[in-house]
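The residues making up each chain are set out below.
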Amino acid sequence: MLENSPTVFDPSWDPFAPDAIHRLAQLYGSPLLIVDAERLRERYRRLADALPGVQLHFALKPLPHRAVVEVLRDEGASFDLATNGEVDLVRRAKVAPERCIHTHPIKRDGDIRTALAAGVDTFVVDNPDEVRKFAKYRGQAGLLIRVAFRNPGAVCDLSRKFGCDPGEVEDLIGLAASLDVRVRGLSFHVGSQAPDPAMHVEAIEACAGLIARSAANDLALEILDIGGGFPADYREPMMPIERFCAPIRAALAALPYGVRAIAEPGRTIVAPSAIGVSTVMGRAKRGDRWWYYLDDGLYGSYSGRLYDHANYPIEALNGGTQRVPSVLAGPTCDSIDVIEEDIALPLLAIGDRVVGRSMGAYTWASASDFNFFPKATVLVVDRGRLLDGSDEA
Ligand SMILES: *Cc1c(COP(=O)(O)O)cnc(C)c1O
């Protein structure tokens, strides 16, 4: 892959610096999502070093792109899949299926069959009907039971929609045993962008108790999946990942013997590894404010402003220093499509570039082409070369 990929600029350039951004926009147009392979590797390694012995399954959902999967695959990552499209993507990226788990708690029979046919054999369930779906795949599939722990602190609380009550775990294990379906362990997801590790620690301790109880009932569980939730910096810096993980590591050390921990990080790896580049299509002075209309907006990469509640650091590249309150709007004809109502920017001209930082997670992934404004082109750059992200098999 690397050998054939075109060189787009000097390998010593930072792909997130203005020279590189201008070059890529000249070559590939706008809007862009520029992903830096070196930053992906660094974010993956930092988390791996902070959680030694924990197998990291990168959750594809925040940035499902083939070149991203391939870079992380080469770092030794495992993967967390939730849909047939994601199964297909790791297959095209030639990831060994043993390195993948399927974590959607609610699946159609076709989803289970597609994953099994691809060689993915570990699935997540959180209710009796879902356990029963595996009766006909006994002997082929192993289950993780997803437990819910409420987390009012997380920006996105994932324990409302999925996960069983801790008190229901024993019955689900019993139901699986009666159907001769193997339960391999427990999983949880405390919610994305956790402000501190307290919920992870609490959930690990609660799961350790459930695992011990299960062992007393003669079912040894072997896996605890601690999910995602590891934070990334936006306008507000969060706890460094090393500090965030220290108490988690301590809690994992107290797990019963023979239980292996895995995690499903998404955001913390990809968010800081990409920037969004857009261009001013037009402008108008309305009242005392300049409105700038970009070629990317809330229906595009800035969709995370709405769905993910993310505050991306946004700047203009034109070098102006005198900033005044301005409005940044997206390109569509919908009046909701405003990225920032009040942002300090220098005076911008048509054609100027605007850059959003920390835009790798839940941005392009949730973008649409509403009004037929195309989604940003994703460029994965590795030391001056462009990795092939084309989705051809
Ligand atoms: C979205 C998701 C993740 C990734 O969460 P982050 O907070 O982005 O790390 C992991 N596991 C599951 C089941 C998810 O749905």
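Residues numbered from 1 in each chain as written. Predicted model: local features only at pLDDT ≥ 70, side-chain atom pairs only at ≥ 80, totals over all residues. Heavy atoms only, no water.

Novice: Quick one: what's the story with the state of the cysteines, residue by residue and with numbers?
Specialist: Going through the model one piece at a time under the given rule, you end up with 0 disulfides. With no disulfide partner, C207 has as its closest neighbouring cysteine sulfur the one in C164, 9.3 Å distant. Taking relative accessible area as the criterion, C207 reaches 0% and is therefore assigned buried. (Disulfide = S-S within 2.5 Å. Buried < 20%, exposed > 50% of the residue type's maximum accessible area, 1.4 Å probe, protein only.)

Novice: I'd like a description of empty space enclosed by the protein, backed by residues and values.
Specialist: Under the counting rule described, the total for this entry stands at 1 cavity of 30 Å³ or more. What the largest cavity holds in volume is close to 60 Å³. Contributing to the lining of the largest cavity are D295, D296, G297, L298, Y299, G300, P331, T332, D337, S368, F373 and P374. Considering only residue class, the lining of the largest cavity consists of 5 nonpolar, 4 polar and 3 charged. (1 Å grid on protein atoms, 1.4 Å probe; cavity = no way out; pocket = protein on both sides within 12 Å on 5 of 7 lines; lining within 4 Å. Points joined across faces, edges and corners; volume = space filled by probe spheres on them. Nonpolar A, V, L, I, M, F, W, Y, C, P; charged D, E, K, R; others polar.)

Novice: Summarise the pattern of salt bridges; cite the residues concerned and give the values.
Specialist: Using the criterion set out here, one finds 28 salt bridges in the structure. In this structure, the salt-bridge partner of E75 is R41, at a minimum N-O distance of 3.8 Å. Taken together, the positions of E75 in helix α3 (residues 66–75) and R41 in helix α2 (residues 37–50) put the pair 34 residues apart, joining distant regions of the chain. Exposure remark for R41: the relative accessible area of 10% places this residue in the buried category. D382 is paired through a salt bridge with R41; the nearest N and O atoms lie 2.9 Å apart. In this pair, D382 sits in strand β16 (residues 377–382) while R41 sits in helix α2, placing the two residues 341 residues apart along the sequence. Across this residue pair, the class does not change: D382 and R41 are buried. Via salt bridges that share partners, E38, R41, R45, E75, D382 and R383 belong to a single interconnected network. (Salt bridge = Lys/Arg side-chain N within 4 Å of Asp/Glu carboxyl O. Helix = DSSP H or I, 4+ residues; strand = E, 2+ residues; numbered from the N terminus.)

Novice: Which residues make up the site of the ligand, and what are the values?
Specialist: Close to the ligand lie 14 residues, the nearest being K61, S192, E264, G266 and Y362. In this structure, G229 approaches the ligand through a main-chain N or O atom, which is 2.9 Å from an oxygen atom. Interatomic distance of 2.8 Å between a backbone N/O atom of G266 and an oxygen atom of the ligand. Look at the ligand: alone it shows 390 Å² of surface, and the protein chains cover 92% of it. Of the residues in the shell around the ligand, the class split is 3 nonpolar, 6 polar and 5 charged. (Near = heavy atom within 4 Å. Polar contact = N/O pair within 3.5 Å; in protein donor to acceptor, adjacent residues only side chain to side chain. Areas by Shrake-Rupley, 256 points an atom, 1.4 Å probe, with all protein chains shown as cover.)

Novice: Just give me the short version of the packing of aromatic side chains, but keep the residues and values in it.
Specialist: By the definition in use, this model includes 10 aromatic pairs. Judged by centre distance (6.2 Å) and plane angle (20°), the rings of W291 and Y293 are stacked. Note on Y299 and F370: the rings are 4.3 Å apart at their centroids and 45° apart in plane angle, and the pair reads as tilted. One end of the pair, Y299, is in the loop between β11 (289–294) and α11 (303–307); the other, F370, is in the loop between β15 (353–356) and β16, with 71 residues separating them in the sequence. Counting every residue linked through ring pairs, the aromatic cluster contains Y234, Y302 and Y312. Positioned above the aromatic ring of W290, the side-chain terminus of R283 is 4.5 Å from the ring centre. We note K375 situated over the ring of W364; from NZ or CZ to the ring centre the distance is 4.4 Å. (Phe/Tyr/Trp six-rings, centres within 6.5 Å; stacked < 30°, edge-to-face > 60°. Lys NZ or Arg CZ within 6 Å of the ring centre and 35° of its normal.)

Novice: If you had to explain the domain arrangement of the protein to someone new, which residues and values would you point to?
Specialist: Taken domain by domain, the protein consists of domain 1 (18–35 + 271–386) and domain 2 (38–270). Listed per partner, the contact involves 25 residues of domain 1 and 23 residues of domain 2. In total, about 2000 Å² of surface goes out of reach between domain 1 and domain 2, with carbon and sulfur atoms giving 60% of it. When residues of domain 1 are sorted by the area they lose upon contact with domain 2, P272, S273 and Y362 head the list and together hold 25% of the total. The interface formed by domain 1 and domain 2 includes 3 salt bridges. Connecting domain 1 to domain 2 are 11 residue pairs in polar contact (both at pLDDT 80 or more). Breaking the side of domain 1 that touches domain 2 down by element, the ones donating at least two residues are β1 (32–36) and β16. The class makeup of the residues in the side of domain 1 that touches domain 2 is 15 nonpolar, 6 polar and 4 charged. (Domains from an automatic or database assignment. Contact = heavy atoms within 4.5 Å. Buried area = accessible area lost by both parts, 1.4 Å probe.)

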